[in-house]
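Notes for the structure review
Each chain, written out:
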Amino acid sequence: MTTNRRGSVAIVGAAESDLGAVAAGLSPTDLMAQAVLRALRDAGLSPHDVDGLFACASQPRMTTMAICEYLRIDPRHHDVTYMGGSSFMTQLAHAQAAIEAGLCEVAVIAYASTQRSSGRNLVSPREPNPYETPYRPVLPASAYALAASRHMHQYGTTREQLAAVAVAAREWALLNPAAWEKQPLTIEEVLAARMVSYPLTVRDACLVTDGGGAIVVTSASRARSLRREPVYLLGSGEHLSHVSISSMPDLTVTGAARSGGIAYRKAGLSPSEIDVVEVYDAFTICTILFLEDLGFCPKGEGGRFVVERGIGPKGGLPVNTNGGGLSYCHPGQYGLLLLIEATRQLRGECGERQVAGAETAIAHGNGGVLSSQSTVILGTAATL
Amino acid sequence: MSGWAERATISPLETFREHLRRGELAFPYSLEAQRAFFFPRLACPYTGSERIEWRVSRGLGTVYATTWIRPREGDAYNVALVDVDEGFRLMTRIEGVAPESVAIGTRVRVRIHEAPGEEAPYPVFVPLDSAK
């Protein structure tokens with residue numbers, strides 16, 4: 001049996017939970033349930049239609065069980081695949097395989113956290129590593145800072161180029177009513193902000209917010225009977241390389257080179273055929289690394305690319321059109337929100353930030369400290 | 001040669017620390033893969049072989065990546081990745097030079113940090129050309 005067939009499943013519902021700083025006392029499960037119900041309403045379905053449930057979170061860790069208890073649903077198939085912020089791209093691929101295999105027909109993928117309200121250290125405590133912890137790296141920031149230092153050394157990437165990623169994200173965020181950040185940002189402000197772990201300042205780093213989301217996935221044939229324009233899964237790929245940054249083979253090349261290559265091959269598309277790019281910007285260096293590794297520019301050119309080609313609303317390549325983890329929302333494992341934004345762009349419902357005529361989108365998730373990479377390519381009916 | 005049926009009598013971490021207590025930076029070397037690896041493990045990550053020999057490094061290496069942190073309280077400090085000459089990489093701290101001025105490519109030499117109290121010793125590095 002061939003699995004993960006191009007276009008065999010589609011996203012038919014997508015929704016965020018409340019975002020930012022949510023009402024006091026709301027739990028992550030409140031937010032997940034809220035997002036699931038909104039996504040099902042978006043799809044024109046009800047909780048009782050759900051027979052496949054995919055979720056993972058650091059609170060609650062028994063995530064699908066918490067959602068089932070809350071919504072009193074009893075899906076035939078569960079999946080709590082956990083690889084950090086990229087989990088949901090892989091869960092989408094798993095949902096596709098499960099639907100193809102007949103294990104379920106209507107799958108929901110959900111995530112939420114209250115890391116802003118509850119405190120980040122409580123929500124995702126660090127696992128000590130006896131070979132790293134004595135040196136007191138500020139994780140995850142220091143891991144990404146080490147990668148940035150190596151990229152700067154090897155390719156001449158500058159702090160100003162890193163800052164340009166944050167500025168572009170902010171420009172997109174100002175077009176997104178749901179974004180956390182509401183004020184413009186300059187390169188100078190990024191450079192002058194509090195240093196977290198050199199060369200990354202607090203403005204090179206993603207937000208710490210509450211929030212979550214959900215998507216509904218079903219077979220292509222069922223999708224065509226539902227109320228929303230289906231967004232088809234054209235290809236997916238993943239790669240895991242390490243847990244700790246000291247075990248990453250080359251800090252300038254991420255597993256996105258592998259995961260993206262697999263996804264492009266399955267989708268039958270090349271980077272030049274992608275209209276919208278949504279990549280996990282935990283830190284500004286991530287956007288640069290992923291643009292390189294996903295083939296939008298040659299290795300080492302990412303810093304120059306974000307300045308010269310431009311990735312903001314007026315740039316040559318639309319990247320992180322919701323404002324990204326840097327300026328829109330970052331509730332921990334942010335990957336699911338990338339899938340929601342890619343879906344909305346392909347449905348053409350993004351208002352001021354809509355990329356005109358978008359038919360294809362790439363959504364790339366990152367987990368840990370550049371540890372797990374998972375890429376999906378989505379397309380409209382026109383791409384089938 | 002031990003097999004998986006045999007219980008481990010000392011952890012890789014404890015072996016590493018015993019060497020540090022003797023003033024040595026030691027590392028596991030895979031006889032099967034003919035190469036060093038780090039972090040220390042029960043088996044070689046390249047072959048799965050348990051034929052591992054602990055070797056003592058000459059303690060010389062090169063800074064591969066570097067960052068520094070200035071905490072809200074206390075002094076700034078460095079965090080670096082060093083490629084040790086025998087062919088393995090570890091996280092460490094470069095001392096004997098301002099944390100902000102550690103440069104990638106700098107040649108460094110190990111120094112065992114004797115931690116106070118119950119804390120285990122750990123390796124830090126100093127620039128090779130700096131005053132001892």
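Residues numbered from 1 in each chain as written. Chains lettered and ligands numbered in written order. Predicted model: local features only at pLDDT ≥ 70, side-chain atom pairs only at ≥ 80, totals over all residues.

1. What about the domain arrangement of chain B?
Interface size is commonly expressed as the accessible surface area that is lost when the partners come together. All names here are of chain B. Definition in use: Segmentation into domains, and thus their bounds, comes from an automatic or database assignment. By the criterion used throughout, residues are in contact when their C-beta atoms, derived from the backbone, lie within 7 Å. Counting from the N terminus, the helices are DSSP H or I runs at least four residues long and the strands are E runs at least two residues long. For this classification, the nonpolar set comprises Ala, Val, Leu, Ile, Met, Phe, Trp, Tyr, Cys and Pro, the charged set comprises Asp, Glu, Lys and Arg, and every other residue, Gly included, is treated as polar.
On domain assignment, one finds that chain B holds domain 1 (12-56) and domain 2 (60-127). Using only C-alpha atoms to locate each centre, domain 1 and domain 2 end up separated by 20 Å. At the interface, 11 residues of domain 1 touch 11 residues of domain 2. Looking at which element gives the most residues to the side of domain 1 that touches domain 2, the answer is helix 1 (residues 12-21), with 3 residues. When the residues that make up the side of domain 1 that touches domain 2 are grouped by side-chain class, the tally is 6 nonpolar, 1 polar and 4 charged.

2. Some thoughts on the sheet that holds strand 2 (residues 35-36) of chain B
For sheets, the rule is that strands pair by backbone hydrogen bonds, running either parallel or antiparallel. Residue and element names in this part refer to chain B. Filter applied, for reference: For two strands to be treated as a pair, DSSP must find no fewer than two bridges joining them.
With antiparallel pairing, the 3 strands of this open sheet are ordered in space as 2-1-3. In the strand order of this sheet, the two ends are held by strand 2 and strand 3 (52-56), each with one partner. Strand direction decides the pairing type here: strand 1 (residues 26-30) and strand 3, joined by 5 bridges, are antiparallel. Counterpart to Phe 27 in the pairing with strand 3 is Arg 55.

3. A word on the packing of helix 1 (residues 28-43) of chain A against helix 2 (residues 63-71) of chain A
All names here are of chain A. Cut-off, in case you're wondering: Structural elements are reduced to axes, namely lines fitted to C-alpha atoms, with helices fitted over the stretch in contact, and the angle between N-to-C directions of any two is expressed from 0 to 180 degrees. Orientation labels follow simple angle bins: below 35 degrees gives roughly parallel, above 145 gives roughly antiparallel, 65 to 115 gives roughly perpendicular, and whatever is left gives oblique. By definition, turning the near helix anticlockwise from the far helix through less than a right angle yields a left-handed crossing, and turning it clockwise yields a right-handed one.
Helix 2 packs onto helix 1 with a crossing angle of 70° between their chain directions and a minimal axis gap of 10 Å. Comparing their axes, helix 2 and helix 1 come out roughly perpendicular. Remark: the crossing between helix 1 and helix 2 carries right-handed chirality. Contact with helix 1, carried on its side by Thr 29, Met 32, Ala 33 and Val 36, involves Ala 66, Ile 67, Tyr 70 and Leu 71 of helix 2 and no other residues of that element. A breakdown of the residues in the contact of helix 1 with helix 2 according to their chemical character gives 7 nonpolar, 1 polar and no charged.

4. Section: the nonpolar core
Put simply, the rule reads: Note on definitions: a nonpolar core is a set of buried residues drawn from Ala, Val, Leu, Ile, Met, Phe, Trp, Tyr and Cys, linked by C-beta atoms within 7 Å. To sort residues by exposure, count the other C-beta atoms lying within 10 Å of each residue's C-beta; 20 or more gives buried, 12 or fewer gives exposed, and values between give partly exposed, all with C-beta atoms placed from the backbone.
Membership of the largest hydrophobic core comes to 150 residues, with the highest contact counts inside it found for Ile 109 and Tyr 144 of chain A. Formed jointly, this core draws a minimum of three residues from each of two domains, domain 1 (12-56) and domain 2 (60-127) of chain B. Look past the residues within four positions of Tyr 144 of chain A in its chain and what remains in contact with it is Leu 200, Ala 282, Phe 283, Ile 285, Cys 286 and Val 369 of chain A.

5. So, the pairing of strand 6 (residues 88-92) of chain B
Here is the key point about a regular strand: its side chains alternate between the two faces of the sheet. Residue and element names in this part refer to chain B. Most of strand 6 sits inside the fold, with 5 of its 5 residues counted as buried. Along strand 6, one buried face is formed by Phe 88, Leu 90 and Thr 92 and the opposite face, lined by Arg 89 and Met 91, is buried too. Where strand 5 (residues 77-84) and strand 6 come together, 5 bridges link them in antiparallel fashion. Its bridge partner being in strand 6, Val 82 is matched across the sheet by Leu 90. Joining the antiparallel neighbours strand 5 and strand 6 is a turn of 3 residues, in which Gly 87 adopts a positive phi near 100°.

6. Quick notes on unusual backbone geometry
Of all residues except glycine, most have a negative phi; of all peptide bonds, most are trans. With an omega of 5°, the peptide bond between Leu 139 of chain A and Pro 140 of chain A qualifies as cis. Counting through the fold element by element, Pro 140 of chain A comes out in the loop between helix 5 (120-123) and helix 6 (141-155). Cis geometry is found at the peptide bond from Phe 38 of chain B to Phe 39 of chain B, where omega equals 10°. At Arg 72 of chain A, a residue that is not glycine, the phi angle is positive and equals roughly 50°. Non-glycine residue Gln 34 of chain B carries a positive phi angle of around 60°. Structurally, Gln 34 of chain B can be placed in the loop between strand 1 and strand 2.

7. Quick word on the sheet that holds strand 8 (residues 231-240) of chain A
Residues and elements named next belong to chain A. Across the sheet, which stays open at both edges, the 9 strands sit in the order 3-2-4-7-1-8-11-10-9 with mixed pairing between neighbours. The sheet is open, and its two borders are formed by strand 3 (77-79) and strand 9 (276-279), each paired with just one other strand. Averaged over all adjacent pairs, the angle separating strand axes in this sheet is 25°, with direction ignored. Sheet analysis places strand 1 (residues 9-16) next to strand 8, joined by 2 bridges and oriented antiparallel. Counterpart to Ala 10 in the pairing with strand 8 is Tyr 232.

8. Considering the interface of chain B and chain A
Contacts between chain B and chain A engage 20 residues on the former and 20 residues on the latter. For the side of chain B that touches chain A, the secondary structure elements donating two or more residues are strand 4 (60-69), strand 5 and strand 6 of chain B. In terms of residues, the side of chain B that touches chain A owes the most to one element, strand 4 of chain B, which gives 6 residues.

9. Notes on the pairing of strand 2 (residues 52-55) of chain A
All names here are of chain A. Filter applied, for reference: Look down the strands so they point away from you; if the path from the first strand over the helix to the second goes clockwise, the crossover is right-handed.
The alternating pattern of strand 2 places Gly 52 and Phe 54 on one face and Leu 53 and Ala 55 on the opposite face, and all of these are buried. Pairing analysis gives 3 bridges linking strand 2 to strand 3, with the strands arranged parallel. Among the inter-strand pairings, Gly 52 is bridged to a residue of strand 3, identified as His 77. As for the winding sense of the linkage, the β-α-β connection from strand 2 through helix 2 to strand 3 is right-handed.

10. Considerations on the packing of helix 11 (residues 284-293) of chain A against helix 12 (residues 302-310) of chain A
All names here are of chain A. The N-to-C vectors of helix 11 and helix 12 enclose an angle of 95°; their axes lie 8 Å apart at closest approach. One finds that helix 11 runs roughly perpendicular with respect to helix 12. Across the interface between the two elements, Thr 287, Ile 288, Leu 289, Leu 291 and Glu 292 from helix 11 touch Gly 302, Gly 303, Phe 305 and Val 306 from helix 12. Taken together, the residues of the contact of helix 11 with helix 12 break down into 5 nonpolar, 3 polar and 1 charged.

11. Some words on the environment of Gly 87 of chain B
Residues and elements named next belong to chain B. Note on placement: Gly 87 falls in the loop between strand 5 and strand 6. Taking the C-alpha atoms as reference points, Gly 87 and Pro 121, 34 residues apart in sequence, are found 22 Å from one another. Setting aside residues up to four positions removed in sequence, Gly 87 forms contacts with Arg 35 and Ala 36.

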